[in-house]
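Residue-level listing of the chains:
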Amino acid sequence: MKPDNAETWYWKGNVLLELGEKEKALNAFRMALESNPDHLNSLLSGGDLLCEFAEYGEAFKCYVRVLKLSPGNEAAEKGKEFCEEKIDE
């Protein structure tokens, strides 16, 4: 596996999610973002996982980045709103 290939790391993260290895999956999404900070799928999947770990501030940053790269992205809009609600609690 090429260590600098964001798409490869993203798919590794998906496989790890399927295996129930959420922390390892999150690390794979982080590796994808190190390789390509604009990798939308890794930002979205990472944001979703960060929400599961109650890391709402970090997840919020992922969703905001997606919206800068892909304005109107519905999944990012919903994730951002969810994080805002949780942060305000």
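Sequence order sets the numbering: in each chain, residues are counted from 1 along the sequence as written. Local features in this predicted model are restricted to residues whose pLDDT is 70 or higher, and side-chain atom pairs enter the listing and the counts only when it is 80 or higher, whereas totals over whole chains, interfaces and linings include all residues. Excluding hydrogens and water, the side-chain figures rest on all heavy atoms present in the structure.

Asks: So what's going on with the overall build of the protein chain? Which residues, and what values?
Replies: Each helix is a run of DSSP H or I of at least 4 residues and each strand a run of E of at least 2, with the numbering of both proceeding from the N terminus. On a plain count of helices and strands, the protein chain comes out with five helices and zero strands. Mapped from its N terminus to its C terminus, the protein chain presents α and β elements in the order α-α-α-α-α. Radius of gyration (C-alpha) of the protein chain: 13 Å, near the 12 Å computed for a compact globule of 89 residues. If you line up the protein chain on its principal axes, its C-alpha atoms span 40 × 25 × 15 Å. Three labels apply to residues, based on accessible area from a 1.4 Å probe with only protein chains included: buried if under 20% of the type maximum, exposed if over 50%, partly exposed otherwise in between. Counting only residues that meet the buried cut, the protein chain has 36% of its 89 residues in that class. A contact between two residues is defined here by any heavy atoms of the two lying within 4.5 Å. Counting only contacts in the protein chain whose residues sit at least 6 apart along the sequence, the fraction spanning at least 24 positions is 40%. As presented, the protein chain carries roughly 5500 Å² of accessible surface, and 50% of it is formed by carbon and sulfur atoms. The sign given to each residue is positive for Lys and Arg and negative for Asp and Glu; His and the chain ends receive no count. Charged side chains are reduced to one point each, which is NZ for Lys, CZ for Arg, CG for Asp and CD for Glu. When the 11 positive and 18 negative side-chain charges of the protein chain are each reduced to one mean point, those points stand 4 Å apart. Here the radius of gyration uses the C-alpha set of atoms, whereas the globule reference equals 2.2 Å times the residue count to the power 0.38. Residue exposure ignores everything except the shown protein chains as possible cover, and the areas themselves are Shrake-Rupley values with a 1.4 Å probe.

Asks: Report on the packing of aromatic side chains, specifying residues and quantitative values.
Replies: Put simply, two rings from Phe, Tyr or Trp (the six-membered ring, in Trp's case) pair if the centres are within 6.5 Å, and we call them stacked under 30 degrees between planes, edge-to-face over 60, tilted for the rest. What the rule picks out here adds up to three aromatic pairs. Ring centres 5.0 Å apart and planes at 70° place the aromatic pair tyrosine 10 and tryptophan 11 in the edge-to-face group. A residue is classified by how much of its surface remains accessible, and tryptophan 11, at 48% relative accessible area, is partly exposed. One aromatic cluster is present, built from ring pairs that chain together Tyr10, Trp11 and Phe29.

Asks: Give me the nonpolar core: which residues, what numbers.
Replies: Here, the term nonpolar core denotes a set of buried Ala, Val, Leu, Ile, Met, Phe, Trp, Tyr and Cys residues that are joined through side-chain atoms within 4.5 Å. Counting 23 residues, the largest nonpolar core has Cys51, Ala59, Tyr63, Ala76 and Cys83 as its most contacted members. Counting residues per element, the ones that place at least two in this core are helix H1 (6–18), helix H2 (22–35), helix H3 (40–52), helix H4 (56–69) and helix H5 (74–88). The residues contacting tyrosine 63, other than those within four sequence positions of it, are Leu44, Gly47, Asp48, Cys51, Ala76, Gly79, Lys80 and Cys83.

Asks: Which residues make up a negative patch on the surface, and what values go with them?
Replies: Residues Glu77, Glu81, Glu85 and Asp88 make up a contiguous surface patch of negative charge. Along the chain, the position of glutamate 81 falls in helix H5. For patch building, the residue pool is restricted to those with more than 30% relative accessible area and no salt bridge; the joining distance is 9 Å between like charges and 5 Å between nonpolar side chains (Val, Leu, Ile, Met, Phe, Trp, Tyr). Salt bridges, as used here, are contacts in which a Lys or Arg side-chain nitrogen is within 4 Å of a carboxyl oxygen on Asp or Glu.

Asks: Describe the pattern of salt bridges, listing the residues and the values that go with them.
Replies: A complete count under the given rule lists six salt bridges for this structure. Note that glutamate 58 and lysine 61 form a salt bridge whose closest N and O atoms lie 3.1 Å from each other. Of this pair, glutamate 58 and lysine 61 both sit in helix H4, three residues apart, which is roughly one turn of that helix. Taking relative accessible area as the criterion, glutamate 58 reaches 39% and is therefore assigned partly exposed. Among the salt bridges present, the one from lysine 86 reaches glutamate 89, with a minimum N-O distance of 3.8 Å.

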